[in-house]
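Per-entry structural report
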Amino acid sequence: MFDKTLAELAQGLENGDFSSVELTQAYLDRINAEDGKYNSYITVTGEQALDQAKAADETRAAGNAGAFTGLPIAHKDIFCTEGVRTSCASKMLDNFISPYNATVVNKFNAAGAVMLGKTNMDEFAMGSSNESSFYGPSKNPWDTDRVPGGSSGGSAAAVAAQLAPAATGTDTGGSIRQPAALCGITGLKPTYGRVSRFGMIAFASSLDQGGPMTRTAEDAAMMLNVMAGFDLNDSTSMQQDVPDYTADLSKPLAGLKIGLPKEFFPADLSPAIAEQVQNAIKEYEALGATVKEVSLPNTALAIPAYYIIAPSEASSNLSRFDGVRYGYRCESPVDLEDLYKRSRGEGFGTEVKRRIMVGAYALSEGFYDAYYKKAQQIRRLIKQDYVNALNEVDVIMGPTTPHPAFKLGEKTSDPVAMYMEDIFTISLNLAGMPGISIPCGQTEGLPVGLQIIGNYFAEAKLLNVAHQFQVATDWHKKTPQGI
Amino acid sequence: MALDRSDVEKIAHLARLQIDEQDIPEYTKNLSSILDLVDQMQAVDTSDVEPMANALDAVQRLRADVVTEENNRDKLQSVAPAVENGLFQVPKVIE
């Protein structure tokens, strides 16, 4: 039962093969027995989950079930959940019981979903390995000596270890796509503004975007059907119709034009990764697609621009954590400045403090033009590269990551080496376009991810392209040994 | 761009972050290497490029200036470290 997709579980519920209460209890038992190995959950919400499952079964009995009624999922612990601890994997919010729900959470609740719990992540979503979590790193189910990626590493590990059929994630520089690639699952970052950011604890507001992490593209379409849509409470939410993302999944790919940016296949790319991605491209050619080289000439500038924009916005966003209104407060502050400084110094971890300081420096008097403004100019060049390329082709493909999952501790002492792991994902956040990572092969027993990029609001196209690959191949069905 | 100890102390103060004395060398080293990384931007001429804040050039929506939220102060203050009579408590600011 635990290897079933959301679509299969929905069918099982509809057929009466099992109830939502039975399904939910089975998952809770499995989490309880197995998650010690993976640390993929920060909080398991068993009691609430069973209440939601019972309500879902009643809805179904009354003949009012929808596509998502009774399906269990996990939420990344960055989404505010009323009455449940929302920690963002930080000591700062270890005691924070959210007084309200994120819009995404409200939408899943309204659709009848069951929340199994809150998943582990890098602290405040800052990281590519999950190692900055206050609750200890989540582990990669393919090799528990390796990282699951980050920041949505707990969500990816939970889905890969079959401790949830699907989970939500958020992606600021690759935080859905990179862990999806490293854990062998499907992860979609939608167009900026497609999914509401209300109640999704802000890291870099102009880049953050929530999305689904699933076993299949079909499941991602089901999730996005629930998540997407305009929200008055998010000032950057886009007023754009939400299609049925499952409607186009079966469209044939004959005539699809794929662009391969030469910058995504650099000389130092792991040969094993390059080979798996090339095999996937050949599969697409067999499905009727044509391939041409394109160029994204400003790719190398994406990481430098990102490491000004994201820390600057983070230093502004995280100024709200002041020890006064919510979150951690230091013991016996002597005055207000001491209260601020010690609450923040003790409440935030090292990587978060590092990024706040980079941002505070970049935004400090006299540096604005050289750093933030410069980065925003480069951002436009990067967007224009994608616009130009997507005038020539329907989708862009390449590796999601330059390497497979690395060892725990391997990159913690060198933040810049860690940042380089996001080389293929980060530019898309700057451009605001959607991208999906799907499993497309393996090297030395570890999954390899294929990234597929499309134009603004082309999520249905990406899901169609990803789904057709999953109809033709079975990489998405591979499971780690022992699971 | 190499920072020194006093730069890091100044930045930490601007960000209202208490940094342990023994961690300052490590922060100095790491922040300097991050600034070296971002300085790659300076090699590009962007004098004719309009800065981009939003990929879709969306602008802030406005709404009518009317009350839309009900008072839920008690609920929101339930997560505060220290509250008295509906007010957040902080150390004495004015003598």
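Preceding this section is the structure that the text describes.
Here the structure is a predicted model, which means the values were calculated and not measured.

Before going further, it helps to spend a moment on the nonpolar core. Across soluble globular proteins, you tend to see nonpolar side chains buried next to one another. All names here are of chain A. Formed by 170 residues in total, the largest nonpolar core has its most connected members in F68, F124, Y284, Y386, M397, I452 and L463. Broken down by element, this core gets its largest block of residues, 9 residues, from helix α9 (residues 302–317). Those residues in contact with F124 that sit more than four places away from it in its chain are C88, S90, M92, L93, I201, F203, L318, F321, F348 and V352.

A few words on a nonpolar patch on the surface. All names here are of chain B. On the surface, V90, V93 and I94 cluster together to form a nonpolar patch covering roughly 300 Å² of accessible area. Relative to the assigned elements, I94 resides in the segment after β2 (87–88). By relative accessible area, I94 is classed as exposed at 69%.

All names here are of chain A. With the rule as written, the count across this model stands at 17 aromatic pairs over all chains. Seen from their ring centres, F124 and F321 are 5.0 Å apart, and the 55 degrees between their planes marks the pair as tilted. Taken together, the positions of F124 in the loop between β3 (114–119) and α5 (153–160) and F321 in the loop between α9 and α10 (336–347) put the pair 197 residues apart, joining distant regions of the chain. You can call F124 buried: its relative accessible area is 1%. Look at Y284 and F469: their rings are 5.4 Å apart centre to centre, the planes differ by 20 degrees, and that puts the pair in the stacked class. With Y284 in helix α8 (residues 271–286) and F469 in helix α15 (residues 459–472), the pair connects residues that are 185 residues apart, well separated along the chain. On the basis of relative accessibility, which here comes to 0%, the residue Y284 falls in the buried class.

All right, on to unusual backbone geometry then. Residue and element names in this part refer to chain A. With an omega of 5 degrees, the peptide bond running from G150 to S151 counts as cis. Of note in the backbone geometry, F124 takes a positive phi value of approximately 50 degrees without being a glycine. Phi is positive for F457, close to 60 degrees, though the residue is something other than glycine. Within the secondary structure, F457 is located in the loop between β11 (446–453) and α15.

About the thresholds
Residues numbered from 1 in each chain as written. Chains lettered and ligands numbered in written order. Predicted model: local features only at pLDDT ≥ 70, side-chain atom pairs only at ≥ 80, totals over all residues. Heavy atoms only, no water. Core = buried A, V, L, I, M, F, W, Y, C linked by side-chain atoms within 4.5 Å. Buried < 20%, exposed > 50% of the residue type's maximum accessible area, 1.4 Å probe, protein only. Helix = DSSP H or I, 4+ residues; strand = E, 2+ residues; numbered from the N terminus. Contact = heavy atoms within 4.5 Å. Patch = residues over 30% accessible without salt bridge, like charges linked within 9 Å, V, L, I, M, F, W, Y side chains within 5 Å. Areas by Shrake-Rupley, 256 points an atom, 1.4 Å probe, with all protein chains shown as cover. Salt bridge = Lys/Arg side-chain N within 4 Å of Asp/Glu carboxyl O. Phe/Tyr/Trp six-rings, centres within 6.5 Å; stacked < 30°, edge-to-face > 60°.

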